[in-house]
Amino acid sequence: RPLSHRRVQNYGGLPSEKGMVPVPLPDWLAPVAAQVAAALPEPEKITPNHVLVNDYEPGDGIEHHTDGPVYQPVAAILSLLSPLVMTFRPRDPHSTQDPSSPSLLIERNVLLRPGSLLIMSGPAYSEWMHGILRVRTDEGLRG
């Protein structure tokens, strides 16, 4: 299904071309935001100001993308109800080619089990795109 059909809930700031328009998070999200902030490494220890809740059905996916400057310097992904595989690809595919096989681009798959927190900052935020492949099941993963 296209991305436009996913179910999304938006809490906190509103992204715009001029940056994040501040809107307070609802009270019920404050404990979650505090736990995410506590898990962040230095110097990224900041309290989240924006939360997107995405509901993906089996076979749904999201195109590889970067989150852009409005979320910098850090973005966090919390997997809730089911496992998912987040795929990372270099933003500039020619900068991270596998030297042993020049025709193969490096791609990394990360298995996020329910309750997993993935933190993206530094080069992981700025130099790599992330996405979810449109597959009904993830095969051959260990974790």
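Above this text is the structure in question.
What counts, and at which threshold
Residues numbered from 1 in each chain as written. Predicted model: local features only at pLDDT ≥ 70, side-chain atom pairs only at ≥ 80, totals over all residues. Heavy atoms only, no water. Pairing = 2+ DSSP bridges. Helix = DSSP H or I, 4+ residues; strand = E, 2+ residues; numbered from the N terminus. Axes fitted to C-alpha atoms, helices over the stretch in contact; angles between N-to-C directions. Buried < 20%, exposed > 50% of the residue type's maximum accessible area, 1.4 Å probe, protein only. Arc of directions from axis to C-beta. Contact = heavy atoms within 4.5 Å. Salt bridge = Lys/Arg side-chain N within 4 Å of Asp/Glu carboxyl O. Phe/Tyr/Trp six-rings, centres within 6.5 Å; stacked < 30°, edge-to-face > 60°.

Draft legend 1. Highlighting the sheet that holds strand E7 (residues 84-90). Read from one edge of the open sheet, 4 strands run E5-E10-E7-E8, paired in antiparallel fashion. In the strand order of this sheet, the two ends are held by strand E5 (62-65) and strand E8 (108-112), each with one partner. This sheet shows a mean twist of 20° between the axes of neighbouring strands, independent of strand direction. Here 2 bridges tie E5 to strand E10 (residues 128-132), and the two strands are oriented antiparallel to one another. Within the sheet, the bridge partner assigned to His-65 lies in E10 and is His-130.

Draft legend 2. Here's a closer look at helix H1 (residues 30-39). Every buried residue of H1 is listed here: Ala-33, Val-36 and Ala-37. Around the axis of H1, the buried residues are gathered within 100° of arc, so they sit on the same side. Opposite its buried face, H1 presents the exposed residues Gln-35 and Ala-38, each directed more than 90 degrees away. On its buried face, H1 is in contact with strand E6 (74-78) and strand E9 (117-121).

Draft legend 3. Inspection of the pattern of salt bridges at higher detail. In this structure the tally under the stated criterion is 3 salt bridges. Measuring nitrogen to oxygen at the nearest pair gives 2.2 Å for the salt bridge that ties Asp-55 to Arg-7. Highlighted residues: Asp-55 in strand E4 (residues 50-55) and Arg-7 in strand E1 (residues 7-12), separated in sequence by 48 residues. For Arg-7, a relative accessible area of 58% corresponds to the exposed category. When the shortest N-O distance is used, the salt bridge between Arg-89 and Glu-107 registers 2.5 Å. Taken together, the residues span a long stretch of sequence, with Arg-89 in strand E7 and Glu-107 in the loop between E7 and E8 at a distance of 18 residues. When its relative accessible area of 33% is taken as the criterion, Glu-107 is described as partly exposed.

Draft legend 4. Local environment of the environment of Thr-87. Residue position: Thr-87 is located in strand E7. In this structure the C-alpha to C-alpha distance between Thr-87 and Leu-111, which are 24 residues apart in sequence, comes to 8.8 Å.

Draft legend 5. Layout of the packing of aromatic side chains. Under the criterion given, the structure shown has 1 aromatic pair. Centroid distance Tyr-11 to Trp-28: 5.2 Å. Interplanar angle 85°. Geometry classified as edge-to-face. Placement of the pair is Tyr-11 in strand E1 and Trp-28 in the loop between strand E3 (19-21) and H1, with a sequence separation of 17 residues.

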